[in-house]
Amino acid sequence: MVKYISTRGEAPSLNFTDALIAGLAQDGGLYLPEAYPQLSAAEIAGFAGKPYAQVAEAVIAPFVGDALERKYLRAAIEAAYALFDHAAVAPLSQIGDNLFLLELFHGPTLAFKDLAMQVLSRLMRHVLAARGKRATILGATSGDTGAAAIAAFRGIAELDLFILYPHERISDVQRRQMTTIGDANTHVVAIEGTFDDAQALVKALFANKRAREEFSLAGVNSINWARVVAQAVYYFTSAVALGAPHRAVSFAVPTGNFGDILAGWIAKRMGLPIERLVIATNANDILARALATGRYEVGQVQATQSPSMDIQVSSNFERLLFEACGRDPAAIRRAMAALQQAGSFGIEPGPLAAIRAEFDAVRIGEAETTGEIARVWRETQKLIDPHTAVAVGAARAALAKHPAIPMVVLGTAHPAKFPSAILRATNIDPPLPAHLADLASRREHYDVLARDEAVLESFIRGRLHEAERAAAS
Ligand SMILES: *Cc1c(COP(=O)(O)O)cnc(C)c1O
């Protein structure tokens, strides 16, 4: 059995399906496998030319072990990727010398979150149905996770879904993708605060034993281990397309909560030859500062044109830190207590050197982001969204240091999700795909709540009681 342990060392070890439902560990920590499954060079080479779903099964299955029958895993993966509007699921194209773009926005909600969320929802539904259980999914979104979760979980009878987003801090397209669904099991809540405030509320309710048990809370934020693993898949498909395992490849990743880039690090642990992992940040550069100075210090969130990265507390960094500290849960508990009390912690020289040996971090400002959208359009006639543009800027900086190694930029969103940034840079108003063309005229459903744990708890209780009454009548 593959066992999952908490980064804080004070929660029970779980198997894959229990970690899937739990999301966050009960001690506030994040789950990681006890050991990373290994793929041989021959297995990795064999991914060349295979359908995406087949590679996904080969990468994810060793993490699941015998917690779930293989046929259910396969069915979930095949159904999830059949929804994508590109045969390759995650196509790769060239946008410069040794510079490649991995398009992760061909799913239903036009951002990379669909790749993991569509698998996660099917696995969760299967596990809940098999156990005869219900769950309440609670998540915070900086814009794209919420839409992906709602698209993936809407209408599933086994659960209710509560998604919190920072009021007036996401794009109109992002908000409308969530608020226009209106299914009875879907509750969209605007929190008066930032993404970090919304995420802190989610963490507080998960840490609140009464709420966790009464509501059967389950998490789908990028702290959910199953999401991280599903995201490791496209590192394999893209690197293999560029010659791995015989050749090393680097990646530049637009980074917020550190889930996507952590997936690259996991792929590397499994045997994929990745040279550099470049953390691309916007003005919210806590990770770039942490790597430069050794101090992880929360600052003020600044609103940028790449709102899905307007984050100061980068939750998944805890997993990397745990590994860099030689899996010492006491060190993580100290760091997280300091973060809670003082808003910062220091990274010891050993762990800092270990992180710097694999990662670079580059901050790209607003003007550079606009400049990259314009430049890529001019040079390749491709429109890229502002998150992707931040990573292209960071990729160019990193490529200058290692010009011989192919660099893959993760294209995390479709440009039409952020039309004002594209218009500003290129004078083009990017059209939404046909299935979303009437988004602006659909009716919206959401509530605005103060940033207060008790208010949120009673809101959830009220909605769940309404649902029970509706089901009983
Ligand atoms: C979520 C998101 C990111 C950040 O990904 P993390 O896994 O949180 O680091 C970057 N770009 C877009 C478009 C996103 O939706």
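Structure: above.
The shown structure was predicted, so the numbers you read here are calculated from the model rather than taken from an experiment. (Residues numbered from 1 in each chain as written. Predicted model: local features only at pLDDT ≥ 70, side-chain atom pairs only at ≥ 80, totals over all residues. Heavy atoms only, no water.)

Kindly report on the overall build of the protein, identifying the contributing residues and their values.
What the protein contains, in helices and strands, is 19 helices and 15 strands. The C-alpha atoms of the protein give 21 Å as radius of gyration, which agrees with the globular expectation for 473 residues (23 Å, within 12%). The C-alpha extent of the protein, read off along each of the three principal axes, is 65 × 50 × 50 Å. Put simply, the protein has 473 residues, and 62% of those count as buried. Within the protein, residue pairs in contact and separated by at least 24 positions form 75% of the contacts whose partners lie at least 6 positions apart. Treating the 46 positive side-chain charges of the protein as one cloud and the 49 negative ones as another, the clouds have centres 2 Å apart. (Helix = DSSP H or I, 4+ residues; strand = E, 2+ residues; numbered from the N terminus. Rg over C-alpha atoms; globule rule 2.2 N^0.38 Å. Buried < 20%, exposed > 50% of the residue type's maximum accessible area, 1.4 Å probe, protein only. Contact = heavy atoms within 4.5 Å. Lys, Arg positive; Asp, Glu negative; His and termini not counted. Charge placed at Lys NZ, Arg CZ, Asp CG, Glu CD.)

If you had to explain the site of the ligand to someone new, which residues and values would you point to?
In the neighbourhood of the ligand, 15 residues make up the surrounding shell, with Lys113, Asp144, Gly256, Asn257 and Asp260 lying closest. Contact between the ligand and Asn257: an oxygen atom at 2.7 Å from a main-chain N or O atom of the residue. Within the contact set of the ligand, an oxygen atom lies 3.2 Å away from a backbone nitrogen or oxygen of Gly259. Compared with its free state, where it exposes 380 Å², the ligand has 98% of that area covered by protein. For the shell around the ligand, the residue count by class is 5 nonpolar, 7 polar and 3 charged. (Near = heavy atom within 4 Å. Polar contact = N/O pair within 3.5 Å; in protein donor to acceptor, adjacent residues only side chain to side chain. Areas by Shrake-Rupley, 256 points an atom, 1.4 Å probe, with all protein chains shown as cover. Nonpolar A, V, L, I, M, F, W, Y, C, P; charged D, E, K, R; others polar.)

Describe in detail the packing of helix H16 (residues 366-380) against helix H18 (residues 419-426), supporting the description with residues and values.
Contact geometry for H16 and H18: axes closest at 8 Å, N-to-C directions at 65°. In terms of orientation, H16 lies roughly perpendicular with respect to H18. Once H16 is placed against H18, the crossing between them reads as right-handed. Along the contact surface, H16 presents Thr370, Ile373, Ala374 and Trp377, while H18 presents Ala421, Ile422, Arg424, Ala425 and Thr426. Looking at the contact of H16 with H18 residue by residue, the class counts come to 6 nonpolar, 2 polar and 1 charged. (Axes fitted to C-alpha atoms, helices over the stretch in contact; angles between N-to-C directions. Parallel < 35°, antiparallel > 145°, perpendicular 65-115°, else oblique. Left-handed = near helix turned anticlockwise from the far one by under 90°.)

For helix H10 (residues 225-241), give the residues involved together with the corresponding values.
Structural remark: α-helix, 3.6 residues per turn; residues separated by three or four positions point the same way. Most of H10 sits out of view: 16 of its 17 residues are buried. The N-cap residue of H10 is Asn224: its side-chain oxygen and the backbone nitrogen of Ala226 are 3.0 Å apart.

Provide a residue-level description of the nonpolar core, including the pertinent values.
Core analysis: the biggest nonpolar cluster contains 116 residues, and Phe153, Trp225, Tyr234, Tyr235, Phe236, Phe251 and Phe359 have the highest contact counts within it. Take this core: its biggest share by element is 12 residues, from H10. Counting residues in hydrophobic clusters, the runner-up holds 26 residues, among them Val362, Val390, Ala395 and Ala421. (Core = buried A, V, L, I, M, F, W, Y, C linked by side-chain atoms within 4.5 Å.)

Could you give an account of the pairing of strand S6 (residues 159-166), naming the residues involved and the relevant values?
Across the 8 residues that make up S6, a large majority, 8, are buried. Of the two faces of S6, the one holding Leu159, Leu161, Ile163 and Tyr165 and the one holding Asp160, Phe162, Leu164 and Pro166 are both buried throughout. For strand S5 (residues 135-140) and S6, the ladder comprises 6 bridges, and the chain directions are parallel. What sits directly across from Thr136, in S6, is Asp160. The parallel pair S5 and S6, bridged by helix H6 (residues 144-153), forms a crossover whose chirality is right-handed. Pairing of S6 with strand S7 (residues 186-191) involves 6 bridges; the strand directions are parallel. Directly across from Leu161, in S7, lies its bridge partner Thr186. Handedness of the crossover is the feature at issue here: the chain leaves S6, passes through helix H7 (residues 172-179), returns alongside S7, and the resulting connection is right-handed. (Pairing = 2+ DSSP bridges. Right-handed = clockwise from strand over helix to strand, strands pointing away.)

Account for the side chain of Arg176, with residues named and values stated.
Following the sequence through the fold, Arg176 ends up in helix H7. When its relative accessible area of 16% is taken as the criterion, Arg176 is described as buried. Excluding residues that lie within four positions of it along the chain, Arg176 makes contacts with Leu439, Ala440, Ser441, Arg442 and Glu444.

How would you summarise the packing of helix H3 (residues 52-64) against H10 if you had to cite specific residues and measurements?
Look at H3 against H10: their axes get within 9 Å of each other, and the N-to-C directions meet at 135°. It follows that H3 is oblique to H10 by the angle criterion. As for the relative orientation of H3 and H10, their crossing is right-handed in sense. Mapping the contact onto sequence places Tyr52, Val55, Ala56, Val59, Ile60 and Phe63 in H3 and Trp225, Val229, Ala230, Ala232, Val233, Tyr234, Phe236 and Thr237 in H10. In terms of residue class, the contact of H3 with H10 is made up of 13 nonpolar, 1 polar and no charged.

I'd like a rundown of the packing of aromatic side chains, residues and numbers included.
Applying the stated rule across the entire model yields 15 aromatic pairs. Between Tyr4 and Trp225, the aromatic rings sit 6.1 Å apart at their centres with planes inclined by 50°, giving tilted as the arrangement. Highlighted residues: Tyr4 in strand S1 (residues 4-6) and Trp225 in helix H10, separated in sequence by 221 residues. The exposure class assigned to Tyr4 is buried, which follows from its relative accessible area of 0%. (Phe/Tyr/Trp six-rings, centres within 6.5 Å; stacked < 30°, edge-to-face > 60°.)

Geometric descriptors of this kind do not, in isolation, establish any biological role.
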